[in-house]
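Observations on the three-dimensional arrangement
If you want the building blocks of each chain, they are given just below.
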Amino acid sequence: GQCGRGYMASNGPTARLEEKLSQAGLTHGFLTESYATPTALFISAKKDDRVVTALERIKDNETNFTDMLFFDKLLRLLSESRENLPLVKEQLNNFSTQRYKFWLVALSSWLIGFFASFLRYGVVSAGIISGFITAMVYLISRPLAAHLKFSGVFTDFVGCLLSFF
């Protein structure tokens with residue numbers, strides 16, 4: 001549950017998560033079925049005649065590839081061997097989310113806007129202006145989306161859409 005919730009909160013793909021949870025369940029002797037959405041994760045595990053079903057609510061999700069890769073690695077470890085369970089528990093207990101520094105996000109957004117315009121039109125000044133517009137849209141949309149409780153996927157979509165125009 002905790003690995004799956006973290007994976008989804010960092011906007012990992014649902015189909016891969018469902019597959020990884022099923023494999024991890026089989027490795028540990030459970031018939032596992034899961035259903036993942038951007039806002040919830042349902043997991044049912046069956047062993048013999050006993051079935052346990054859990055619901056994990058996904059809140060405050062945002063695209064964070066560092067966290068997604070961390071949880072992906074833990075799910076892979078769970079799928080490979082039963083002996084990895086203590087290691088996974090230890091890493092989960094010591095986990096803290098990794099946030100990108102503000103200047104790095106601003107610079108990345110600016111570069112995306114700059115190159116999107118410059119490569120299309122070949123005008124440096126248009127690329128610079130486009131970079132600033134893209135960075136401003138991205139940096140304003142994040143806090144606004146958090147205030148309005150939009151999902152990370154929707155926020156990224158709106159940011160891309162506004163930057164396109």
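Residues numbered from 1 in each chain as written. Predicted model: local features only at pLDDT ≥ 70, side-chain atom pairs only at ≥ 80, totals over all residues. Heavy atoms only, no water.

1. Concerning the packing of aromatic side chains
Here a ring pair, both rings aromatic, is described through the centre-centre distance and the interplanar angle of the planes. Evaluated as defined, the whole model comprises eight aromatic pairs. Geometrically, the ring pair formed by Phe70 and Phe95 is stacked, given 4.7 Å between the ring centres and 20 degrees between the ring planes. Of this pair, Phe70 sits in helix α3 (residues 65–80) while Phe95 sits in the loop between α4 (85–93) and α5 (102–121), placing them 25 residues apart in sequence. Residue Phe95 is classed as partly exposed on the basis of its relative accessible area, which comes to 28%. When the ring of Trp110 is compared with that of Phe114, the centres are 5.1 Å apart and the planes differ by 15 degrees; the resulting orientation is stacked. Taken together, the positions of Trp110 and Phe114, both in helix α5 and four residues apart, correspond to about one turn of that helix. Residue classification places Trp110 among the partly exposed residues on the basis of a relative accessible area of 22%. (Phe/Tyr/Trp six-rings, centres within 6.5 Å; stacked < 30°, edge-to-face > 60°. Helix = DSSP H or I, 4+ residues; strand = E, 2+ residues; numbered from the N terminus. Buried < 20%, exposed > 50% of the residue type's maximum accessible area, 1.4 Å probe, protein only.)

2. A look at α4
Among all positions in α4, only Val88, Gln91 and Leu92 are buried. Looking down the long axis of α4, one finds its buried residues gathered within 100 degrees of arc, a one-sided arrangement. Residues of α4 that are exposed and point more than 90 degrees away from the buried face comprise Pro86, Lys89 and Asn93. At its buried positions, α4 is contacted by α1 (2–9) and α3. (Arc of directions from axis to C-beta. Contact = heavy atoms within 4.5 Å.)

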